[in-house]
Amino acid sequence: MPAVKIPVLVTAVGGGGFGEQILKALCIANKEHNKYYIIAGDMNPYCPQFQMADESVCLPAASHEDYVNILMSICKKKECQALFPGNERELTEIAKCRSVIEDTGILLLMNPTNVIETCMDKNKAGLVLDELGFKPPRFKEARKFEELVDIDWFPVVIKPSSGAGGSAHCYIAQTIEELKYLVLYLNTALPNQPFIVQEYVGDELSEYTVGILNDLDGNYINSIALHRELKNTMNVRAKYKNNTDRKELGNSLIISSGISHGYIGKFPEVTDKCRELAMAIGAKGAINIQVRFVDGEIKVFEINPRFSGTTSLRAMMGYNEPDILLRKHILGETIETDFEFKEGMILRNLVETEMPDTPAASWEQYLNG
């Protein structure tokens, strides 16, 4: 490993999550200045993203009782200067032990623990939005249907209060009867877990993914937004005909997937208020805010206290959040506030990756656990 390069570890780079996005952004940065020695970690030994990195390591699942100790052992062995958690479960586990990790001198590229805990609980996040005056869509947390019989603001989105990355277990109910059956399903699929019922607002043309970037001291750096294109099957998790009398919502009711694309730009009409929100909740690092822009106001329906699933798309436009934070906090560079970046459309598609020299017997063993 060349001494001039900064060793950085990115976890959970497989599976199409934000860990892969961080990895791609760092690869884009290396094409420009080649300052990072990128170590990619994942629990899948056949992770195709390993081929993008300088080195790869297999990690245990974040639920493993010794996950953090194993992770720290790898960081020590590889002399990592920075660590990027690449999925929400790992983010949560690392946040619990952040002081121990930071005491070793490793830079953690993540928000404060209290911000992570608040934003990853959708009910807490909604209450904070209300308290701060940001008027989220109407919402209610519950564990059983009997707590929801007074809801009369259909259609609604129903989803787990936490742990629903990529819109997992996220559904739309247009009537009280549909809501009842969805609650029964969630009670079976996710027993004892609270869920949140949220008013569906805006149409398919009104959705934005907004990124606010603060440095790790909480100082604002820049903002960006992706106006989401919701017509592709990769980008839509669920689509329902609008059977309600709320025609302003459009002909179809849509839940977006975790794979976003569309037009990237400054969009101050949405980013300015999101910047205020990020500062108000104490964000430090990258934060991603999901909104629909309705009647001149942002309606925040989710806050992700982490790097975005669009991080590499932003990096392609000259807005490279992982690189900026490393340059700021490890290389000591001065980063211009509201620096310029390109604006334009980026679309995604599937890419096939050949995995050479993979023995069939080894692959079958992997499939069998």
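Basis of the calculations
- Residues numbered from 1 in each chain as written.
- Predicted model: local features only at pLDDT ≥ 70, side-chain atom pairs only at ≥ 80, totals over all residues.
- Heavy atoms only, no water.
- Helix = DSSP H or I, 4+ residues; strand = E, 2+ residues; numbered from the N terminus.
- Rg over C-alpha atoms; globule rule 2.2 N^0.38 Å.
- Buried < 20%, exposed > 50% of the residue type's maximum accessible area, 1.4 Å probe, protein only.
- Pairing = 2+ DSSP bridges.
- Axes fitted to C-alpha atoms, helices over the stretch in contact; angles between N-to-C directions.
- Contact = heavy atoms within 4.5 Å.
- Salt bridge = Lys/Arg side-chain N within 4 Å of Asp/Glu carboxyl O.
- Core = buried A, V, L, I, M, F, W, Y, C linked by side-chain atoms within 4.5 Å.
- Polar contact = N/O pair within 3.5 Å; in protein donor to acceptor, adjacent residues only side chain to side chain.

1. Observations concerning the overall build of the protein chain
- For the protein chain, the helix and strand inventory stands at 11 helices and 17 strands.
- For 369 residues, the compact-globule estimate of 2.2 N^0.38 gives 21 Å, and the protein chain sits close to it at 21 Å.
- With the principal axes as the frame, the protein chain shows a C-alpha extent of 65 × 50 × 40 Å.
- Looking at the protein chain residue by residue over its 369 residues, the buried ones come to 54%.

2. Description of the sheet that holds strand 17 (residues 344–346)
- Strand order across the open sheet formed by six strands is 16-15-10-11-14-17, with antiparallel pairing between neighbours. Across the chains shown, the open sheet's two edge strands, defined by having one partner strand only, are strand 16 (297–304) and strand 17. The sheet shows a mean angle of 30° between the axes of neighbouring strands, direction not considered.
- Where helix 8 (residues 268–280) meets the sheet, its contacts fall on strand 10 (207–214), strand 11 (220–228), strand 15 (286–294) and strand 16, and the angle it forms with strand 10 comes to roughly 50°.

3. Things to note about the pattern of salt bridges
- This model, assessed by the stated rule, comprises 23 salt bridges.
- In this structure, the salt-bridge partner of lysine 78 is glutamate 55, at a minimum N-O distance of 2.3 Å. Of the two residues, lysine 78 sits in helix 2 (residues 67–78) while glutamate 55 sits in strand 3 (residues 55–58), which places them 23 residues apart along the sequence.
- Under the relative-accessibility criterion, glutamate 55 is labelled partly exposed at 21%.
- Of the charged contacts, one joins glutamate 340 and lysine 266 as a salt bridge, the two residues approaching to 2.9 Å between their closest N and O atoms. Separated by 74 residues along the polypeptide, glutamate 340 in the loop between helix 10 (321–329) and strand 17 and lysine 266 in the loop between strand 14 (262–265) and helix 8 bring together distant segments of the chain.

4. Observations regarding the nonpolar core
- Of all hydrophobic cores here, the largest spans 38 residues; its most connected members are Val8, Leu26, Phe84, Leu109 and Leu326.
- Contact partners of leucine 109, with chain neighbours within four places excluded, come to Ala82, Leu83, Phe84, Pro85, Leu216, Phe307, Leu325 and Leu326.

5. Describing the side chain of glutamate 302
- With respect to the helices and strands, the residue glutamate 302 is situated in strand 16.
- Of the polar contacts made by the side chain of glutamate 302, one reaches the side chain of lysine 159; its length is 3.2 Å.
- Those residues in contact with glutamate 302, other than ones at most four positions away along the chain, are Lys122, Lys159, Asn288, Ile289 and Gln290.

6. Some remarks on the sheet that holds strand 9 (residues 195–199)
- The four strands lie next to each other as 6-9-7-8, forming an open sheet whose pairing is antiparallel. The open sheet has two free edges, formed respectively by strand 6 (139–142) and strand 8 (171–173), since each of these has just one partner strand. Across the sheet, the mean angle from the axis of one strand to that of its neighbour is 25°, orientation sign disregarded.
- Where strand 7 (residues 156–160) and strand 9 come together, five bridges link them in antiparallel fashion. Of the residues in strand 9, the one forming a bridge with valine 156 is glutamate 199.
- Across the sheet, helix 6 (residues 122–132) is in contact with strand 6, strand 7 and strand 9; its angle to strand 6 comes to roughly 145°.
- Contacts from helix 7 (residues 176–189) reach strand 7, strand 8 and strand 9, with the element oriented near 150° to strand 8.

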